[in-house]
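Given next are the chains, with one letter for each unit.
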Amino acid sequence: MSLLAPLYLAGLAALALPVVFHLIRRTPTGRTAFSSLMFLRPSPPRFARRRRLDQIALLALRALVLALIALAFARPFLRSDARVDAGPDARRLAVLVDTSASMRRPGLWDAALRAARAALEGAPPGARVSLHAFDRELRTLADLGELERLAPTWAATDLGGALVELAESLDAESAEPGAPATVVLVSDFQAGADLAALESFDWPRGVRLEVRRVATAAENASLHPVPPEPGRSAQGAVWVRVSNEGTSTGERFGLAWASGAGPAGAELAVLCPPGETRVVRAPERPADPAVDRLVLSGDDCPFDDTLFDRAPGATPLRVLSIGPADDRDEGPESPGFFLEHVFAEMSGAPVELARAGAAPDLAPDVAGTPLVVLELGGATPDPPIGALRAYVEAGGTVLAVARAGAAPGALRALFDEPRLDLREAARAASGFALLAEIDFEHPLFAPFADPRYSDFTKIRFWRHRLLELPEPPGSPGPPGPLGPAGTRVLARLDDGAPLLVERPRGRGRVLVLAAGWEPADSDLARSSKFAPLLIGMLALSRQLDLATRRILVGERIALAAGGGEVLLDTATPGHHEVEALGRVHAYTVHLDPRESRTDPLDETALARLDVALVDPARNALRTERTRQEQRLELEERQKLWRWLILAAVVGLLLETLWAGRLARGAEATG
Amino acid sequence: MRGSHLARPRTRWPDWVDSDAVLAIEPLELRARVIVEGFLSGLHRSPYHGFSVEFSEYRPYSPGDDLRYLDWKLLARTDRRYIKRFEDETNVRCHLLVDLSRSMAFGAERRPKVEYAITLAATLARFLSMQRDAVGLLTFAEDVLDFVPARHRPGHLLRLFVALERATSGSATGLVASLERIASLVRRRGVVVLVSDVLAPLAGLDVALGALRARGQDVVVFRVLDPAEIDFPFDRAATFEDLESGRSLYVDPVHVGRSYREAFRAHERGLAALAAEHGADLVPWRTDRPLVECLFEYLQARLRRGRSVLRRTARGRR
């Protein structure tokens, strides 16, 4: 039983009144001041035993009447009914707790647990409650205990994805469309949270989102690797990006190499004002091979202050060059001369150029040999087509350079296109051709997309070959795809002839360069673009190479091993190893840089995405009002107070009769 | 002797003007004057004019009278010889002992006893002062509160009245102590008027009264009592609270009334016996009696007990 106006129960204090009256009757009626008690002696109080017993019975009746009246004014109602009645309309409540890496900041996780607990305890009676955790993925938890056993992960915050998934499931499980449901989001609501999934999502009508933001005063600066840029890649140094959040006040940080045991080497002072980012060159790496990370010091949140960067491995990469017999002796005019020098300055692993004749040792070891240069033309012996195809299928990159006099036979075999033709192009009237169309979206040319690097007009092609592929019916003209198998023209000369063509095959690709890079054919080898291009080609295969690949926490990467796949462990940032294909692959997992953007996100960002937000204060008020209305309605329906008042009236009648009879009896005897 | 026929005077007050009306007069001095003048005006109309020492009058000189008391001015004006008799008779030193203990604050249906007591004392003081007697005052509660030596000089009465208007206090009635004190303070003979309810054990009073009498003091005791203290008219059980000690006692008058009255009478008898033994004059004074009668009681007491004193002082009568 519940009470609508429990304050009226204070009226129960009136129960004491009859007792007090009785006590007053039993004690002397008052105090009398007297000049002196010297002539008085005490007399024992008088009690009428029989009368006392009668009065106690009467007292009980009076007390009962008063209690009934007080209870009636408190307006009781039966709550069990309330629960049953509230059943169909009971709301659904999903508590969504952020477990992303940014929740590792000091104090946040405890605050989040408290907020989640409060949200669960504050659930309206009869509501169906579910508990979820999310970072990159949404997980459903059994109870609060499971949440308490959890800890923040290292993964990024896919807030949009989690909300979409949760809202969809809430909407799907509701019997009627637009049934009310509330998602209580407990999160630090950082600026780096990914809301992209919400952009194309139609937020369900009945689902409302209540953001319970947990905050910390801890300041955060972060350390992340810089994606390679053409201007920086060959420096042999490590460049890092230091970001300081806008809410910080400090701006001086220290950057130093460290090993698992602790810092190693000198610290570099980094000045980075709040809200800004600095790209700095890390101090020189100590010779100690155990040194495998850079550590930023000077902020309050260490979770994103470590950048794992291991010294390039000792095992060199191999670039296999299949072509005419050793032409290094031909000096700077020969293609092999440039090929030999182009990888010398490459940062990272050393590259070893291997030359092979017609029957090279070509195991499908893509990781060890990321690039095969196949020189067509001249006195090139027949290439090992079978081995090359297997190599490409496994993910390798074959760069076929069509030099003067190249025959289309090998390309036909590699392209599986017997109608492919390759012939010498007619010389232009100006004497040279220039690059006219470049596909800057391709990874090979993407580094040149910046206008600072996109000037290819200095590279003149004196002569080139014409690669002709049978046009698929109805296909658009140049520079569209050349063939049905996804052949892509990456660069085209100003006479419309494709210069660089990519043909994917299996997990790898075949690139065809329709001109040589040696000075006899073009200025390509002597241009500044040559080395980045070739290194880019190397990297096309090396994307599969775990050692150099930039893997983010939580990324799902499967490694082919035998008949099945080995899933990489990417749960925590750091250096990891996995054994597959008979050898140990080392890889490094990085924290998602977005997770370091810990500045608070404005909640209107969600409102702009049409998410129905709940104001917590107004919500609490509304909940309380709804509850009060419910109780009022129940009480109105049950009207228990009427029965109580009726009982009190009956009690009063009894009391009157009884007391009257007592009085008459007293008069009769008195 | 003229004074032996002393009778109650007819006052100017009608009967319905009771003591309360007089007591309602706020200034004590005025109150005392009203009573005294009322008393005197009634006195002057009485056929028993002229009595004893307190009233001034001229007496024709007869040979043998001390020439020091001859009124030379009158002789010069009228060529008749008169003796200013009263001047010789006013060297009575009267000390008023007024009980201001808390028990005096009791008044069941009337005003508190203390108001009667101080009005009584003030009336006596004024009356005596008008007779040129020296009046002193000692107020006491548990201990002696104020002592004003007996004087007859301008402003002295006012001092007495100020001392009388003190609030009641104390947790007991230090009757014996105050009597001993006055005995030690007053060396010359005189009159000691004790105004008190004497609601205190009689032990020790015997010695104190004896000491006073031994010093030649005439003792008059005005025992001011509320009628309720005498008759104990209560009929409802109540917790009775001692005004002095604060002690409280549950009392059912039905059971206790008789024993109270018996105890009170016994105490009264004991006090009366004690007074008789030491030649003190005990005047039981109920607060429902008109105040003006106090003067008659006093004078009666003086006449009853103080004839020797009168003789001693009224030299001119010899």
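What counts, and at which threshold
The numbering scheme is per chain: residues are counted from 1 as the chain's sequence reads. As they are written, the chains are lettered A onward and the ligands numbered 1 onward, keeping that order. It should be noted that, the model being predicted, local features are given only for residues of pLDDT at least 70 and side-chain atom pairs only at 80 or more, the latter also being counted only at that level, while totals for whole chains, interfaces and linings use all residues. For the purposes of this entry, the term helix denotes a DSSP run of H or I that reaches at least four residues, the term strand denotes a run of E that reaches at least two, and both are numbered from the N terminus. Residues are called buried when their C-beta atom has 20 or more other C-beta atoms within 10 Å, exposed when it has 12 or fewer, and partly exposed otherwise; all C-beta atoms are positioned from the backbone. For the purpose of contact definition, each residue receives a C-beta atom placed from its backbone, and two residues are in contact when these atoms lie within 7 Å. Between any two strands, pairing holds if DSSP finds at least two bridges. Helix axes use the C-alpha atoms of the stretch in contact, all axes being lines fitted to C-alpha atoms, and the angles between their N-to-C directions lie in the range 0 to 180 degrees. The scheme is simple: roughly parallel for angles under 35 degrees, roughly antiparallel for over 145, roughly perpendicular for 65 to 115, oblique for anything else. Throughout, the ten residues Ala, Val, Leu, Ile, Met, Phe, Trp, Tyr, Cys and Pro are labelled nonpolar, Asp, Glu, Lys and Arg are labelled charged, and all others, Gly among them, are labelled polar. The arc in question is the one spanned by the directions pointing from the helix axis to the C-beta atoms. Left-handed is the label given to a crossing in which the near helix is rotated counterclockwise from the far helix by less than a right angle, and right-handed is the label when the rotation is clockwise. Known as pLDDT, the predictor's per-residue confidence is scaled from 0 to 100. Throughout this description, the term nonpolar core refers to a group of buried Ala, Val, Leu, Ile, Met, Phe, Trp, Tyr and Cys residues whose C-beta atoms join them within 7 Å.

> I tried to follow the overall build of chain B on my own but got confused; where do I start?
Each helix and strand counted, chain B has 12 helices and 10 strands in total. The burial tally for chain B puts 41% of its 318 residues in the buried class. Taking contacts inside chain B between residues at least 6 apart in sequence as the whole, the part at least 24 apart equals 77%.

> Mind showing me how you'd approach the overall build of chain A here?
On a plain count of helices and strands, chain A comes out with 14 helices and 31 strands. Residues classed as buried in chain A amount to 35% of the 670 residues present. Within chain A, contacts between residues separated by at least 24 positions form 75% of all contacts whose residues are at least 6 apart in sequence.

> Is there a simple way to think about the interface of chain B and chain A in this case?
For interface size, the figure often reported is the accessible area lost on association. At the interface, 28 residues of chain B touch 18 residues of chain A. At the level of elements, β8 (238-242), β9 (248-251) and α10 (253-277) of chain B are the ones that each hand at least two residues to the side of chain B that touches chain A. Here the side of chain B that touches chain A gets 7 residues from one element, more than from any other, and that element is α10 of chain B. Bridge analysis of strand β2 (residues 31-34) of chain A against β8 of chain B gives 4 bridges, and the strand direction is parallel. In the strand pairing of β8 of chain B, Phe 34 of chain A is matched with Asp 242 of chain B.

> Sorry if this is basic, but what is going on with the packing of helix α5 (residues 113-130) of chain B against helix α6 (residues 156-164) of chain B here?
For any two helices packed against each other, one specifies the crossing angle of their axes together with the interaxial distance. Residues and elements named next belong to chain B. It is at 10 Å that the axes of α5 and α6 come closest, and there the two elements cross at 170°. With respect to α6, the element α5 is oriented roughly antiparallel. Here Ile 118, Ala 121, Ala 122, Ala 125, Arg 126 and Ser 129 of α5 come into contact with α6, specifically with Leu 157, Leu 160, Phe 161 and Leu 164. By residue class, the composition of the contact of α5 with α6 is 8 nonpolar, 1 polar and 1 charged.

> When you look at the sheet that holds strand β5 (residues 144-151) of chain B in this model, what are you seeing that I'm missing?
Working definition: the strands of a sheet are paired by backbone hydrogen bonds and lie parallel or antiparallel to each other. All names here are of chain B. Overall, mixed pairing links the 6 strands, which are arranged β5-β4-β3-β6-β7-β10 in an open sheet. Each edge of the open sheet carries a strand with a single partner, namely β5 and β10 (281-286). Each neighbouring strand pair of the sheet contributes to a mean axis angle of 15°, computed without reference to strand direction. Looking at chain direction, strand β3 (residues 93-99) and strand β4 (residues 134-140) are connected through 7 bridges and run parallel.

> What is the right way to read helix α7 (residues 175-185) of chain B from this model?
Note that an α-helix has 3.6 residues per turn; residues three or four places apart therefore point the same way. All names here are of chain B. Taken together, the buried positions of α7 are occupied by Leu 175, Ser 178, Leu 179, Ile 182 and Ala 183. Buried residues of α7 fall within an arc of 140° about the axis and therefore sit on the same side. The inward-facing, buried residues of α7 abut β3, β4, β5, β6 (190-196) and α8 (205-214).

> Explain the packing of α7 of chain B against α8 of chain B to me, please; I cannot follow it from the model alone.
All names here are of chain B. For the pair α7 and α8, the least separation of the axes is 9 Å and the interaxial angle reads 20°. In terms of orientation, α7 lies roughly parallel with respect to α8. Read as a crossing pair, α7 and α8 show a hand that is left-handed. Of the residues in α8, those touching α7 at Leu 175, Val 176, Leu 179, Glu 180 and Ala 183 are Leu 205, Ala 208, Leu 209, Ala 211 and Leu 212.

> How should the environment of Asp 599 of chain A be read in this particular structure?
Residue and element names in this part refer to chain A. With respect to the element layout, Asp 599 can be found in the loop between β31 (583-590) and α12 (604-608). With 16 C-beta atoms counted inside 10 Å, the residue Asp 599 sits in the partly exposed group. When the C-alpha atoms of Asp 599 and Glu 245 are compared, they prove to be 6.1 Å apart, with 354 residues separating the residues in sequence. Other than its neighbours up to four places away in sequence, Asp 599 contacts Gln 190, Ala 191, Glu 245, Gly 246 and Thr 247.

> What should I look at first to understand the sheet that holds strand β11 (residues 252-259) of chain A in this one?
All names here are of chain A. Pairing is antiparallel in the open sheet, where 4 strands are placed in the order β12-β11-β14-β15. Both outer strands of the open sheet, β12 (262-271) and β15 (306-308), are each paired with one neighbouring strand and no more. Averaged over all adjacent pairs, the angle separating strand axes in this sheet is 20°, with direction ignored. Bridge count for β11 against strand β14 (residues 293-297) is 5 bridges, and the pairing is antiparallel. For Gly 254, the partnering residue across the bridge sits in β14 and is Ser 297.

> Would you mind showing me how to read α6 of chain B here?
The set of residues buried in α6 of chain B consists of Leu 157, Leu 160, Phe 161, Ala 163 and Leu 164 of chain B. Mapping the buried residues of α6 of chain B onto a view down its axis gives an arc of 160°, with all of them on the same face.

> Explain the confidence of the model for chain A here, please?
Residues and elements named next belong to chain A. Averaged over all residues, the pLDDT of chain A equals 80, while 83% of them reach at least 70. At the level of individual helices and strands, chain A shows its lowest average pLDDT in helix α3 (residues 79-86), which scores 47, and its highest in strand β22 (residues 460-461), which scores 92. In the predicted structure, residues 81-90 sits below a pLDDT of 50 and forms 13 contacts with residues beyond four places in sequence or in another chain.

> It is not clear to me how the confidence of the model for chain B should be interpreted in this structure. Could you clarify?
Parts of the model with low pLDDT should not have their predicted coordinates read in detail. Residues and elements named next belong to chain B. Taken residue by residue, chain B gives an average pLDDT of 75. The fraction at 70 or more is 78%. Scored below 50 in pLDDT, residues 43-55 shows 23 contacts in the model against residues more than four places distant or in partner chains. Across residues 306-318, where pLDDT falls below 50, the model places 18 contacts with residues more than four positions away in sequence or in other chains. Interface confidence for the predicted complex, given as ipTM, is 0.72, next to a pTM of 0.45.

> Where do I start with the environment of Phe 140 of chain B in this structure?
All names here are of chain B. Tracing the backbone shows Phe 140 in strand β4. Separated by 30 residues in sequence, Phe 140 and Gly 170 have C-alpha atoms that sit 8.9 Å apart. Here Phe 140 is in contact with Leu 97, Asp 99, Leu 100, Leu 145, Gly 174 and Ser 178, once residues within four sequence places are set aside.

> Even after reading the chapter, I still don't get the pairing of strand β18 (residues 371-376) of chain A, so can you show me in this structure?
Remark: a regular strand shows side chains that alternate across the two faces of the sheet. Residue and element names in this part refer to chain A. Extensive coverage of β18 is indicated by the burial of 6 of its 6 residues. Burial along β18 is two-sided: the face carrying Leu 371, Val 373 and Glu 375 and the face carrying Val 372, Leu 374 and Leu 376 are both buried. Judged from the 4 bridges that link them, strand β16 (residues 317-322) and β18 form a sheet pairing that is parallel. Within β18, the position partnered with Ser 321 by the bridge is Val 373. Examined bridge by bridge, β18 and strand β19 (residues 397-402) share 6 bridges and lie parallel to one another. Looking at β19, one finds that Val 372 is bridged to Val 398.

> Looking at this model, I keep getting lost on the nonpolar core. Mind explaining?
Generally speaking, soluble globular proteins have nonpolar side chains that are buried together. Residue and element names in this part refer to chain B. If you look at the biggest cluster of nonpolar residues, it comprises 84 residues, and the most contacted ones within it are Leu 96, Ala 121, Val 193, Val 195 and Phe 222. Among the elements that make up this core, the one with the highest residue count is α5 (11 residues). Apart from residues lying up to four places away in sequence, Val 195 is in contact with Leu 96, Leu 97, Val 98, Asp 99, Ala 117, Leu 120, Ala 121, Phe 222 and Val 224.

> Any chance you could explain the environment of Glu 148 of chain A here in plain terms?
All names here are of chain A. Within the secondary structure layout, Glu 148 lies in helix α5 (residues 144-149). Note on Glu 148: 12 C-beta atoms within 10 Å, which makes it exposed. Sequence spacing of Glu 148 and Asp 110 is 38 residues, and the spatial spacing of their C-alpha atoms is 9.3 Å.

> Looking at this structure, I do not really get unusual backbone geometry. What am I missing?
As a rule of thumb, non-glycine residues mostly have phi less than zero, and peptide bonds are mostly trans rather than cis. Look at Lys 639 of chain A: it is not a glycine, yet its phi comes out positive at around 50°. Judged by the 11 C-beta atoms lying within 10 Å of it, Lys 639 of chain A falls in the exposed class. A positive phi angle, near 60°, is found at Asp 79 of chain B, a position not held by glycine. By the secondary structure assignment, Asp 79 of chain B is in the loop between α3 (72-78) and β2 (82-84). Given 7 C-beta atoms within 10 Å, Asp 79 of chain B falls into the exposed group.

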